[in-house]
Amino acid sequence: MTERPLTGAEAAEYLGIGIRRIHNLNAADNDFPEPEYTGRTPTWTTGQLDAWRSAHPARRHNIRTQS
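Let me begin by describing the structure that accompanies this report.

Cut-off values and rules
Residues numbered from 1 in each chain as written. Predicted model: local features only at pLDDT ≥ 70, side-chain atom pairs only at ≥ 80, totals over all residues. Heavy atoms only, no water. Core = buried A, V, L, I, M, F, W, Y, C linked by side-chain atoms within 4.5 Å. Buried < 20%, exposed > 50% of the residue type's maximum accessible area, 1.4 Å probe, protein only. Helix = DSSP H or I, 4+ residues; strand = E, 2+ residues; numbered from the N terminus. Contact = heavy atoms within 4.5 Å. Axes fitted to C-alpha atoms, helices over the stretch in contact; angles between N-to-C directions. Parallel < 35°, antiparallel > 145°, perpendicular 65-115°, else oblique. Left-handed = near helix turned anticlockwise from the far one by under 90°. Arc of directions from axis to C-beta. Phe/Tyr/Trp six-rings, centres within 6.5 Å; stacked < 30°, edge-to-face > 60°.

Concerning the nonpolar core
Of all hydrophobic cores here, the largest spans 10 residues; its members are L6, A11, A12, L15, I22, L25, F32, W44, L49 and W52. At 3 residues, the largest contribution of residues to this core is made by helix 1 (residues 8-15). Beyond its immediate chain neighbours, meaning those up to four positions away, A12 contacts I17, G18, I19 and I22.

So, the environment of I22
With respect to the secondary-structure elements, I22 resides in helix 2 (residues 19-27). I22 sits 12 residues away from E10 along the chain, and the two C-alpha atoms are 10.0 Å apart. Ignoring anything within four residues of it in the chain, the contact list for I22 reads G8, A11, A12, L15, I17, F32 and W44.

Thoughts on the packing of helix 1 against helix 3 (residues 46-55)
Packing of helix 1 against helix 3 brings their axes to within 11 Å, and their N-to-C directions diverge by 40°. Classified by the angle between their axes, helix 1 and helix 3 sit oblique to one another. Our pair here, helix 1 against helix 3, has a crossing hand that is right-handed. Listed contacts from helix 3 to A11, Y14 and L15 of helix 1 are T46, L49, D50, W52 and R53.

As for helix 1
For helix 1, every residue scored as buried is listed here: G8, A11, A12 and L15. For helix 1, the angular spread of buried residues about the axis comes to 100°, placing them on one side. The inward-facing, buried residues of helix 1 contact helix 2, strand 2 (41-43) and helix 3.

Digging into the packing of aromatic side chains
Scanning all chains against the criterion turns up 2 aromatic pairs. With 5.6 Å between their ring centres and 65° between their planes, F32 and W44 make a pair best called edge-to-face. Of this pair, F32 sits in the loop between helix 2 and strand 1 (36-38) while W44 sits in the loop between strand 2 and helix 3, and the two are 12 residues apart along the sequence. By relative accessible area, which is 5% here, F32 ends up buried. The exposure class assigned to W44 is buried, which follows from its relative accessible area of 1%. Seen in terms of ring centroids, F32 and W52 are 5.1 Å apart; in terms of plane orientation they differ by 80°. Their pairing is edge-to-face. Of this pair, F32 sits in the loop between helix 2 and strand 1 while W52 sits in helix 3, and the two are 20 residues apart along the sequence. Residue F32 shares its accessibility class with W52, and that shared class is buried.

Written out as structure tokens, the structure is:
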């Protein structure tokens, strides 16, 4: 059984980032996975996204607590 490819909006939700960030990553010359296209719609597999995320962990925001 093959996994269903994710659209840009679904990929953004899966990675926990905004759709605009997906579009920017896809358009840039970087190591973001090459999508498959269904018509003009780029799609990615969860395997592609998981591999990319493991190489690029989500940023952690430092929250200072006030004493």
